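# Summary of the model geometry
Read off the chains here:
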Amino acid sequence: QLQASGGGLVQPGGSVRLSCVASGLTVSKHAMGWFRQAPGKEREFVAAMSWGDGRTAYANYANSVKGRFTISRDSAKNTVYLQMLSLKPEDTAVYYCASDYRGLGTTVPGDYDYWGQGTLVTVSS
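Please read these numbers as outputs of a predicted model, since none were measured by experiment.

Attention now goes to the overall build of the protein. Counting its secondary structure elements, the protein contains 0 helices and 11 strands. From first element to last, N terminus to C terminus, the protein shows the α and β order β-β-β-β-β-β-β-β-β-β-β. Rg of the C-alpha trace for the protein: 13 Å, near the compact-globule value of 14 Å for 125 residues, within the 12% margin. Taken over the C-alpha atoms alone, the protein extends approximately 40 × 25 × 25 Å along its principal axes. Every one of the 125 residues in the protein was classed for burial, and the buried ones make up 46%. Sequence separation of 24 or more characterises 57% of the internal contacts of the protein that already satisfy a separation of 6 or more. Surface accessibility of the protein: about 6400 Å² in total, with carbon and sulfur atoms responsible for 50%. Averaged over its 12 positive side-chain charges, the protein has a centre that lies 5 Å from the centre of its 9 negative ones.

Take a look at the structure:
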C-alpha cells in the first residue's frame, strides 16, 4: 500500500514536498515513481527512481520538471519524496506515487504495479 501526502495550495514560485509512505513493500527494492494528472488531461510521468540505494539508484525526470523537482528515498522510513521547487500554475494536478517490482523506474504508467491514492497540488496566487 502507498500513502501519498503533502499536497495543498501554494503560490507560484513556491515549494512543496510530497511524501509517499509504503507498507507491505520495501521501497529500496522497487522502482518508485511520481505521476500527475491535471483536470481533463492524461496521467503523465513526473519522476522515477530505480531500485537500490546511494550510487546504485538512478533518477529520471520529465523535461517539464527537470531542475525543479527532486525525487529521493529514505529506506529507514520506507518513504519516497518529491521535492518541488519553483512551482508554476501548470504544475497543478493530483500527484500519485507508484511502485514497480521490476525496479526499472520507467516513464510508463502501465509498468507500475501499485498506486497511492493521490494528493492534490494547486499552484495559484
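Applying the stated criterion to the full structure yields 5 salt bridges. With a closest N to O distance of 3.3 Å, Asp100 and Arg102 form a salt bridge. Judged by its relative accessible area of 0%, Asp100 is buried. Arg102 gets classed as partly exposed once you look at its relative accessible area, which sits at 39%. Connected via shared salt-bridge partners are Arg36, Glu44, Arg68 and Asp91.

One pass over the full model with this rule turns up 5 aromatic pairs. Note on Phe35 and Tyr112: the rings are 5.1 Å apart at their centroids and 80° apart in plane angle, and the pair reads as edge-to-face. Linking Phe35 in strand β4 (residues 31–37) with Tyr112 in the loop between β9 (93–100) and β10 (114–115), this pair joins segments that are 77 residues apart in sequence. The same class applies to Phe35 as to Tyr112, namely buried. Chaining the aromatic ring pairs together yields one cluster made of Phe35, Phe45, Tyr96, Tyr112 and Trp115. It is Arg17 that lies over the ring of Tyr81; its NZ or CZ is 4.1 Å from the centre.

The subject of this paragraph is the environment of Lys29. Along the chain, the position of Lys29 falls in the loop between β3 (16–22) and β4. A sequence separation of 28 residues divides Lys29 from Gln1, and the C-alpha atoms of the two residues are 15 Å apart. Beyond its immediate chain neighbours, meaning those up to four positions away, Lys29 contacts Trp51 and Tyr101.

Rules used in this analysis
- Here the residue index of a chain counts from 1 through its sequence in written order.
- A pLDDT threshold of at least 70 governs which residues receive local features in this predicted model, and a stricter bar of 80 or more applies before side-chain atom pairs are shown or counted, although totals over entire chains, interfaces and linings include all residues.
- Each side-chain value is worked out from all heavy atoms of the structure, with water and hydrogens disregarded.
- To qualify as a helix, a DSSP run of H or I must reach at least 4 residues; to qualify as a strand, a run of E must reach at least 2; elements of each kind are numbered from the N terminus.
- With the radius of gyration taken over C-alpha atoms, the globule rule is written as 2.2 Å times the number of residues to the power 0.38.
- Think of it in three bands: with a 1.4 Å probe and only protein chains considered, a residue is buried below 20% of the maximum accessible area for its type, exposed above 50%, and partly exposed in between.
- Residue contacts are counted whenever heavy atoms from the two residues lie within 4.5 Å of one another.
- For the area figures, the Shrake-Rupley method with a 1.4 Å probe applies, and any residue is considered shielded solely by the protein chains shown.
- The charge count treats Lys and Arg as positive and Asp and Glu as negative. His and the chain ends do not count.
- Just so you know, the charge point we use is NZ for Lys, CZ for Arg, CG for Asp and CD for Glu.
- Salt bridge criterion: a side-chain nitrogen from Lys or Arg within 4 Å of a carboxyl oxygen from Asp or Glu.
- Working definition: rings of Phe, Tyr and Trp (its six-membered ring) pair if their centres are within 6.5 Å, and the pair is stacked with planes under 30 degrees apart, edge-to-face with planes over 60 apart, and tilted otherwise.
- Ring-over charges, as used throughout, are those where CZ of Arg or NZ of Lys falls within 6 Å of the ring centre and within 35 degrees of the ring normal.

Fair warning: the whole summary comes from geometry, so function is off the table for now.
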